[in-house]
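# Architecture at a glance
Chain by chain, the residues:
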Amino acid sequence: DCPGRAAHAPPLRHSFQRESPMQLDEHFQRRLNEARMFFAEGKALAAEKIYRDLLKPDLPAGGRVLVLDGLGRCLHIQGRLEEAETFFRESLRFLEELFGPNHIHVAGGLQNLARLRSERGECEEAATLDERALDILKQNLPADDLRIADALLNLSSHQYTAKKYDAAEANL
């Protein structure tokens, strides 16, 4: 494991549901909220079951990314890291397709992957993902936004553990 704050940071929530019109019916929304509630209560297995039930071939891309991200988080917290990575990567692919490669939601997907890589002890890979996420955040947010500060802390933690001391210090 890469020690430090990054491994324990909470998973990012995707807020794009409010920003883009998605054709998701009321039943889907209700079940999605139920899965999120179970996850928040520490019932990852119950949440995983709902997310898997929601993952249908005809699910619109916006709904699909929400479900894939939720599944990734459920599997991640259960320690099923390889499975979680598959869902996080697919979620990231959809985020890039929906919003473009430099959108703030893509940064969130990259940070989810970085945390997972950190837990595996792959700190150089985690740092690379965090660097890209930080670049995206800097392009899209004011310089004093707390999400940039958080991303800098995560990045420097991964760099330090990867023995890139000068780079880590430069980010603090």
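Residues numbered from 1 in each chain as written. Predicted model: local features only at pLDDT ≥ 70, side-chain atom pairs only at ≥ 80, totals over all residues. Heavy atoms only, no water.

Looking only at helices and strands, the protein chain has 8 helices and 0 strands in total. Sequence-ordered secondary structure for the protein chain, helices as α and strands as β, is α-α-α-α-α-α-α-α. Scored against the burial criterion, the 172 residues of the protein chain give a buried share of 48%. A separation of at least 24 residues holds for 61% of the contacts in the protein chain among residues at least 6 apart in sequence. Of the accessible surface of the protein chain, which amounts to about 9000 Å², a share of 52% is contributed by carbon and sulfur atoms. (Helix = DSSP H or I, 4+ residues; strand = E, 2+ residues; numbered from the N terminus. Buried < 20%, exposed > 50% of the residue type's maximum accessible area, 1.4 Å probe, protein only. Contact = heavy atoms within 4.5 Å. Areas by Shrake-Rupley, 256 points an atom, 1.4 Å probe, with all protein chains shown as cover.)

Axis separation between helix 2 (residues 44-54) and helix 3 (residues 61-77) bottoms out at 9 Å; the angle between their running directions is 150 degrees. Judged by the inter-axis angle, helix 2 sits roughly antiparallel to helix 3. In this structure, helix 2 meets helix 3 at a crossing whose hand is left-handed. Contacts between helix 2 and helix 3 involve Ala44, Ala47, Glu48, Tyr51, Arg52 and Leu54 on the former and, on the latter, Leu66, Val67, Gly70, Leu71, Arg73, Cys74, Leu75 and Ile77. Across the contact of helix 2 with helix 3, the residue classes break down as 10 nonpolar, 1 polar and 3 charged. (Axes fitted to C-alpha atoms, helices over the stretch in contact; angles between N-to-C directions. Parallel < 35°, antiparallel > 145°, perpendicular 65-115°, else oblique. Left-handed = near helix turned anticlockwise from the far one by under 90°. Nonpolar A, V, L, I, M, F, W, Y, C, P; charged D, E, K, R; others polar.)

Quick look at the nonpolar core now. Membership of the largest hydrophobic core comes to 43 residues, with the highest contact counts inside it found for Phe28, Ala47, Tyr51, Val67, Leu110 and Leu137. Elements that contribute at least two residues to this core include exactly helix 1 (26-40), helix 2, helix 3, helix 4 (81-99), helix 5 (104-119), helix 6 (123-140) and helix 7 (146-161). When residues no more than four places from it in sequence are discounted, the contact partners of Val67 are Phe28, Tyr51, Leu54, Leu55 and Leu59. (Core = buried A, V, L, I, M, F, W, Y, C linked by side-chain atoms within 4.5 Å.)

Here the focus is the confidence of the model for the protein chain. Overall, the predicted model of the protein chain reaches an average pLDDT of 88, with 87% of residues at or above 70. Least confident of the elements in the protein chain is helix 8 (residues 165-170), whose mean pLDDT is 87; most confident is helix 2, at 98. Contacts for the low-pLDDT stretch residues 4-21, under 50 throughout, to residues beyond four places or in other chains number 49 contacts. (pLDDT = per-residue confidence, 0-100.)

All right, on to the packing of helix 1 against helix 3 then. Running from N to C, helix 1 and helix 3 point in directions that differ by 20 degrees, and their axes come no closer than 11 Å. Our classification of the angle between helix 1 and helix 3 gives roughly parallel. Helix 1 and helix 3 meet at a crossing whose hand is left-handed. Of the residues in helix 3, those in contact with Phe28, Leu32, Arg36 and Phe39 of helix 1 are Gly63, Leu66, Val67, Arg73, Cys74 and Ile77. Its residues assigned to classes, the contact of helix 1 with helix 3 comprises 7 nonpolar, 1 polar and 2 charged.

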